[in-house]
Amino acid sequence: MHSTFRLLALASGVALALSLSACGGGGSDGTPTPTPTPTDASVCFPTYKQAGKSITSTFDAYSVPDASGKQTKYTDTERFSYAKGTFNGVSGIVQIEVDDKGLPLHYSDFFRIDSANKVITALGFKYSGSPSYTCNIVGVAEHRYNLLPGQSYTSNFSFDCTDPKQNETFKQTATFAGFEKITVPAGTFDACKLDLVEIEGGQTDKFTVWFRQGDGVELRTDLNGTKDKELVSVTIK
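So, a few notes on the structure that sits alongside this text. (Residues numbered from 1 in each chain as written. Predicted model: local features only at pLDDT ≥ 70, side-chain atom pairs only at ≥ 80, totals over all residues. Heavy atoms only, no water.)

## Digging into the state of the cysteines
Working step 1: For the structure on display, the rule yields two disulfides.
Working step 2: In this model C44 forms its disulfide with C192; the gap between the sulfur atoms is 2.2 Å. Taking the sign of the S-S torsion, about 90° here, the bridge from C44 to C192 comes out right-handed. Here C44, found in the loop between strand 1 (18-19) and strand 2 (54-62), pairs with C192, found in strand 11 (residues 187-200); they are 148 residues apart in sequence, far enough to count as distant.
Working step 3: Overall, the relative accessible area of 1% leaves C44 in the buried class.
Working step 4: The buried category is assigned to C192, whose relative accessible area is 3%.
Working step 5: Here C135 connects covalently by a disulfide to C161, the sulfurs 1.9 Å from one another. The disulfide joining C135 to C161 has a torsion of about 110° about its S-S bond and is therefore right-handed. Taken as a pair, C135 in strand 7 (residues 133-139) and C161 in strand 9 (residues 152-161) lie far apart in primary sequence, 26 residues in all.
Working step 6: Overall, C135 belongs to the buried group, its relative accessible area being 0%. (Disulfide = S-S within 2.5 Å. Helix = DSSP H or I, 4+ residues; strand = E, 2+ residues; numbered from the N terminus. Buried < 20%, exposed > 50% of the residue type's maximum accessible area, 1.4 Å probe, protein only.)

Spelled out as structure tokens, the structure:
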């Protein structure tokens, strides 16, 4: 499943190159300095989604718990580059999944970015593997960063794909849960907390995601009440 949660809540970053290790906060070490008194989620808007930028995020990731509740930890590295793109005649940004040499992999995701209103809308995606296919998003699949704590919104949308086997229907309800300080392997940071409930067919999944204040870097994701991944390092160029 190429969940739209993946399209809208990928690792985020600033438009300047930086590299994080096990040090937190903001200021002289090059990490972004958060807004002193944030009032809404715009302080976590991901500004890295612009042409010419790239991001590499390494996470401690965790498997789905087995019958005894045990999880296996492993390393997961995500690499994306960004360019101007057009999808069905709509201009926006294309996010390209790349390998460790910067060469394109299979997925290209297309977005429309409204920086003024702090909204990112997913338009669709292309898969270049075998067999290849293209999926249009019917309805509105968006991630709003203009919410006050406690505010929520619901999106209803579906994938209309050239390969009918990839067609899916979603209902997502996102709630901005407010501001928290969170510690991950990369350090301790002020964060925005987002709760997301996604219904796909008869399955319901609950995500909680923490984004770093000041640039929107994804710090941690929980899935259905258990830890899914935590940030170890991120580099943005």
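## Here we look at the pattern of salt bridges
A side chain of one charge can pair with a side chain of the opposite charge when the charged atoms of the two come close.
Working step 1: On inspection of all chains with the given rule, the structure shows eight salt bridges.
Working step 2: The salt bridge involving K181 is made with D190; its shortest N-O contact spans 2.9 Å.
Working step 3: For K181, a relative accessible area of 59% corresponds to the exposed category.
Working step 4: The closest approach of N and O atoms between R212 and D215, which form a salt bridge, is 2.4 Å. (Salt bridge = Lys/Arg side-chain N within 4 Å of Asp/Glu carboxyl O.)

## Focus: unusual backbone geometry
Working step 1: P131 follows S130 through a cis peptide bond whose omega is 0°.
Working step 2: For P131, the location among the structural elements is in the loop between strand 6 (119-127) and strand 7.
Working step 3: Its identity as a non-glycine residue notwithstanding, N88 has a phi of 55°, on the positive side.
Working step 4: You can see N88 is positioned in the loop between strand 3 (73-87) and strand 4 (90-98).
Working step 5: You can call N88 exposed: its relative accessible area is 59%.
Working step 6: Its identity is not glycine, yet K118 carries a phi of approximately 60°, on the positive side.
Working step 7: By the element assignment, K118 lies in the loop between strand 5 (104-114) and strand 6.
Working step 8: Taking the relative accessible area as the measure of exposure, K118 reaches 25% and is therefore partly exposed.

## Considering the nonpolar core
Note on soluble globular proteins: their nonpolar side chains tend to be buried together.
Working step 1: One finds I55, Y82, I182, V184, L219, L231 and V234 to be the most contacted residues of the largest nonpolar core, which totals 17 residues.
Working step 2: Of all the secondary structure elements, the ones that give two or more residues to this core are strand 2, strand 3, strand 10 (168-184), strand 11 and strand 14 (226-236).
Working step 3: The leading source of residues in this core is strand 14, at three residues.
Working step 4: In terms of nonpolar packing, the next biggest core, distinct from the first, is built from 13 residues, A41, V43, L147 and L194 among them. (Core = buried A, V, L, I, M, F, W, Y, C linked by side-chain atoms within 4.5 Å.)

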